[in-house]
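Structural overview for review
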Amino acid sequence: MLVLSLLGGLIAEAEDGHQLWLRKQKEQPVTVLSPLPNPVLDIAVKELKENWQGEANTTVKLELISDKRIKTDGFRISRQLIQANTQLGLLYGTYELLRRQQTGDPIVGISNPAYQRRILNHWDNPNGSIERGYAGKSIFWRNKDLTVTASDRKLWEEYARANASVGINGSVLNNVNASPGMLSTENLGRAKAIADVLRPYGIQVYLSVNFASPVRLGGLKSADPLNADVIAWWKKKTKEVYSMIPDFGGFLVKANSEGQPGPQDFGRTHADGANMMADILKPYKGIVMWRAFVYDAKDKDRARLAYTEFKPLDGKFRDNVIVQVKNGPIDFQPREPFSPLFGAMKKTAVMPEFQITQEYLGHSYQLVYLAPMWEECLKSDTYQEGKGSTVARVTDGSIFAGKYNAIAGVANIGLDTNWTGHHFAQANWYAFGRLAWDHQLSSEKIADEWIKLTFGRAGAGPDWKSKFLNPVKDMMMESREACVNYSMPLGLHHIFSADDHYGPGPWWAPENMRPDWTPPYYHQADSTGIGFDRTKTGSNAVSQYHEPLCSRFNAAETCPEVYLLWFHHLPWDYKMKSGKILWDELCYLYDKGLNEVRGFQKTWDKAEEYVDAERFLHVQRRLKRQTRDAQVYKDGCLLYFQQFSRRPIPFELERPVYNLDFIRSMKPLSINR
Ligand code: GCV
């Protein structure tokens, strides 16, 4: 039965989640002193007036200063004063002050951004669809209809406000699998309209570009980056872009990857391609983000490719090129070791790319809080310049100070009322912004803030903390590991079902399919054991890591067990640290993952009286589904691998409830049920 509770005298009113973590609270009157009227500061003043939760009738001052301890758009705040070197700093300080009023964190101190550019990558197509989007259609593009309506502008402004509130300052408006038509004058007109709305919130727009645009849009015969006509075409197009969007951020390029055109089609290198664009963008202060997501069907180990292609190019890129590297060497899997390209280059700027949309972690059907995964990556030590050379420090300019540094996240935003499909997926958008601003924040702290802002209520008693905040935070913190456990534990990867990337598919290997697109290529299960041998006697991918990591990963005894089957092919009876054999450990982990989700259902049901009915039911329904799907993952993988291990599932564990044949014949699990 649904319980609508009375809490602190307030009824838990239904909420649709559209307000995100910026839910309107009853404000206190406040006087705001601002140095000058202008679009950015007017927003700060409005936010303070409409959301002030501090003492009533206070005067709060926004002050532009010049202070070397405050970097770029950083700020200093105290209870009644916000100081910054820039107007945007004052806006970010405003959001921080208001946030702390709600979370109860001390309102004092300086805060500086970790990365200069904190960017969302939207994989939105001009027809309005979103590649790997699970929250409805694009907020930016509608099929062929380029008219800009008042409701478009309203939505874009809400989007900009949410981003600015967590410090995000860039948006790539379209898919990296870029349509050449994106650079048409008509589409640029719409990009300009978006940029105009985003600008006062400090957000620069960028576009993904198709390397063959000079041919496919411009009608030239070639897209060779050294060809004079091609260069002239890009110059003219870039000039047009800047005439419409004077603060345009630059281009994002996926080249010679998964069928996309690139400089290698003309015998040129990635550096040749990136530099051609970089030279053209330079006078406008634009940058090129060149993706290192490359692999080749011919290579014996896909995980090695990005490093093999890009490391020799170190020092050959212009200073306004940033190489954009996915967190892991394969592709946003539930767990990967960090990509060895972090820590490989000394003269090239490298930026992390995280995936906020849950392509491999349950789409918007599953509650999976991703910040622990990103924290794990950012804190991984690359040992590039000795101990302490974390991924965060080799990308934020602390170790090699390049001209530009940046971080990107593939957005999970669509037209769904709650923006992200699952209410808890909002936490991933929020967390990306917070980590991009401060990569030293813990994922737990971010979860704590997000829950308070998203579900907190005025007048909540101490009960709220012990019965809602803490258990829900624990659930979020456990959720990524649970997903790893019920889908790909111990370093298994890429064993999801084909195409939709949701649910198990370790068996999927149609004849004539590229092997590196099939799961058996990655798990290598056979009667002798399971796992991909990337040791020195295997593919030798371990050699791409600095010591001591190379040796640590190379020996099964010292390899962290979470990455064991990533680096090793081991017999089914290999002895694990727990004392169990590998097969039994695998069974225990799959079972553990499933039970963790069952636990989430209990946590959420117990929290019912603290949540409005609309969001409660939405999440409850999805957790049911997550449990069912985790069961399918567990049964599918274990029953499939059991054909090779020829061992029983330990008898103390729950037995499978599905047959393998049934799972293999099921309709895709991602179909809405
Ligand atoms: C945008 C994976 C995804 C693709 C995506 C690609 C990329 O392969 O499945 O949808 O394409 O990564 O990051 O370029």
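Below you will find a few notes about this structure. (Residues numbered from 1 in each chain as written. Predicted model: local features only at pLDDT ≥ 70, side-chain atom pairs only at ≥ 80, totals over all residues. Heavy atoms only, no water.)

**Here's the deal with the sheet that holds strand 12 (residues 287-291)**
As a reminder of what qualifies: Only when DSSP finds a minimum of two bridges between them are two strands counted as paired. What counts as a helix is a DSSP run of H or I of at least four residues, what counts as a strand is a run of E of at least two, and both are numbered from the N terminus. Lines are fitted to the C-alpha atoms to define the axes, a helix being fitted only along its stretch in contact, and any angle between axes, read from their N-to-C directions, falls within 0 to 180 degrees.
Pairing within the closed barrel is parallel, and its 8 strands lie in the order 8-9-10-11-12-13-14-15. Mean inter-strand twist for the sheet, computed between neighbouring axes without regard to direction, equals 25°. In the sheet, strand 9 (residues 170-172) pairs with strand 10 (residues 204-208) via 3 bridges, with the strands oriented parallel. Along strand 10, the bridge assignment pairs Val-172 with Tyr-206.

**Quick word on helix 1 (residues 39-51)**
In an α-helix, one turn spans 3.6 residues, which is why side chains three or four residues apart end up on the same side. Rules: To estimate how far a helix should extend, the number of its residues minus one is multiplied by 1.5 Å. When checking whether two residues touch, look at their non-hydrogen atoms; a contact exists if any pair is within 4.5 Å. Polar contacts, as used here, are pairs of N or O atoms within 3.5 Å; protein pairs need one atom able to donate a hydrogen and one able to accept it. Residues neighboring in sequence count only if both atoms are side-chain atoms.
Here helix 1 contains 13 residues, and its C-alpha end-to-end distance of 18 Å stays within 8% of the 18 Å for a straight helix at 1.5 Å per residue. Packing partners of the buried residues in helix 1 comprise strand 3 (30-33), strand 4 (58-64), strand 6 (81-84), helix 2 (87-103) and helix 3 (150-165). Between the side-chain oxygen of the N-cap and the backbone nitrogen of Val-40 there are 3.0 Å, and the N-cap of helix 1 in question is Asn-38.

**Structural notes on the packing of aromatic side chains**
Pairs of aromatic rings are described using the distance from one ring centre to the other and the angle between the two planes. Basically, it comes down to this: Pairs were defined over the aromatic rings of Phe, Tyr and Trp, the Trp ring being its six-membered one, requiring ring centres within 6.5 Å. Orientation was assigned from the angle between planes: stacked under 30 degrees, edge-to-face over 60, tilted for the rest. Each residue is placed in one exposure class: buried if its accessible area under a 1.4 Å probe, protein chains only, is under 20% of its type's maximum, exposed if it is over 50%, and partly exposed if it falls in between. Criterion for a charge above a ring: Arg CZ or Lys NZ at most 6 Å from the ring centre, at most 35 degrees from the ring normal.
Applying the stated criterion across every chain yields a total of 41 aromatic pairs. Ring geometry for Phe-75 and Trp-437: centres 5.8 Å apart, planes at 25°, overall stacked. Here Phe-75, found in strand 5 (residues 75-78), pairs with Trp-437, found in helix 11 (residues 426-437); they are 362 residues apart in sequence, far enough to count as distant. Owing to a relative accessible area of 2%, Phe-75 belongs among the buried residues under this scheme. Ring centres 6.3 Å apart and planes at 55° place the aromatic pair Phe-468 and Trp-604 in the tilted group. Here Phe-468 is found in helix 13 (residues 462-487), whereas its partner Trp-604 is found in helix 17 (residues 582-606), with 136 residues between them in sequence. Like Trp-604, Phe-468 is buried. Cluster of aromatic residues (ring-pair linked, three or more members): Phe-424, Trp-450, Phe-455, Trp-464, Phe-468, Trp-604, Tyr-610 and Phe-616. Sitting above the plane of the Phe-532 ring, Arg-534 keeps its charged end 3.9 Å from the centroid.

**Regarding the site of the ligand**
The following threshold applies: Near is defined per residue: the residue qualifies when any heavy atom it owns lies within 4 Å of the molecule or strand. To be clear on the numbers: accessible area is Shrake-Rupley with a 1.4 Å probe, and residue cover counts the displayed protein chains and nothing else. Only Asp, Glu, Lys and Arg are considered charged in this grouping, and only Ala, Val, Leu, Ile, Met, Phe, Trp, Tyr, Cys and Pro are considered nonpolar; every other residue, Gly among them, is considered polar.
Around the ligand sit 15 residues, and of these Glu-131, Lys-254, Arg-291, Lys-326 and Glu-359 come closest. In the environment of the ligand, an oxygen atom lies 2.9 Å from a nitrogen or oxygen atom belonging to the side chain of Arg-132. One nitrogen or oxygen atom from the side chain of Asn-177 is found 3.2 Å from an oxygen atom belonging to the ligand. Expressed as a share of its isolated accessible area of 340 Å², the protein-covered part of the ligand is 96%. Classifying every residue of the shell around the ligand by side-chain character gives 4 nonpolar, 3 polar and 8 charged.

**Regarding the nonpolar core**
For the record, the criterion: Here, nonpolar core means buried Ala, Val, Leu, Ile, Met, Phe, Trp, Tyr and Cys residues that are tied together by side-chain atoms lying within 4.5 Å of each other.
Residues Trp-604 and Phe-641 are the most contacted members of the largest nonpolar core, which totals 214 residues. Here the element with the most residues in this core is helix 18 (residues 613-645); it accounts for 11 residues. In contact with Trp-604, not counting residues within four places along its chain, are Phe-424, Phe-455, Phe-468, Val-472, Met-475, Val-611, Arg-615, Phe-616, Val-619, Gln-620 and Leu-623.

**Details of the environment of Trp-233**
Take Trp-233: it is sitting in helix 6 (residues 228-244). Linking Trp-233 and Ser-213, residues 20 residues apart in sequence, is a C-alpha distance of 9.2 Å. Residue contacts for Trp-233: discarding those within four places in its chain leaves Leu-183, Ser-213, Pro-214, Leu-217, Gly-218 and Leu-220.

**Details of unusual backbone geometry**
It is generally the case that most residues other than glycine have a negative phi and that most peptide bonds are trans. The peptide bond linking Glu-547 to Pro-548 adopts the cis configuration, its omega dihedral lying at 5°. Within the secondary structure, Pro-548 is located in the loop between helix 14 (519-523) and helix 15 (549-554). In this structure, His-363 is a non-glycine residue whose phi angle is positive, near 50°. Relative to the helices and strands, His-363 is located in the loop between strand 14 (349-355) and helix 9 (371-379). Assessed through its relative accessible area of 5%, His-363 is described here as buried. The backbone of Leu-490 shows a phi angle near 55°, a positive value even though the residue is not glycine. If you trace the backbone, Leu-490 turns up in the loop between helix 13 and helix 14.

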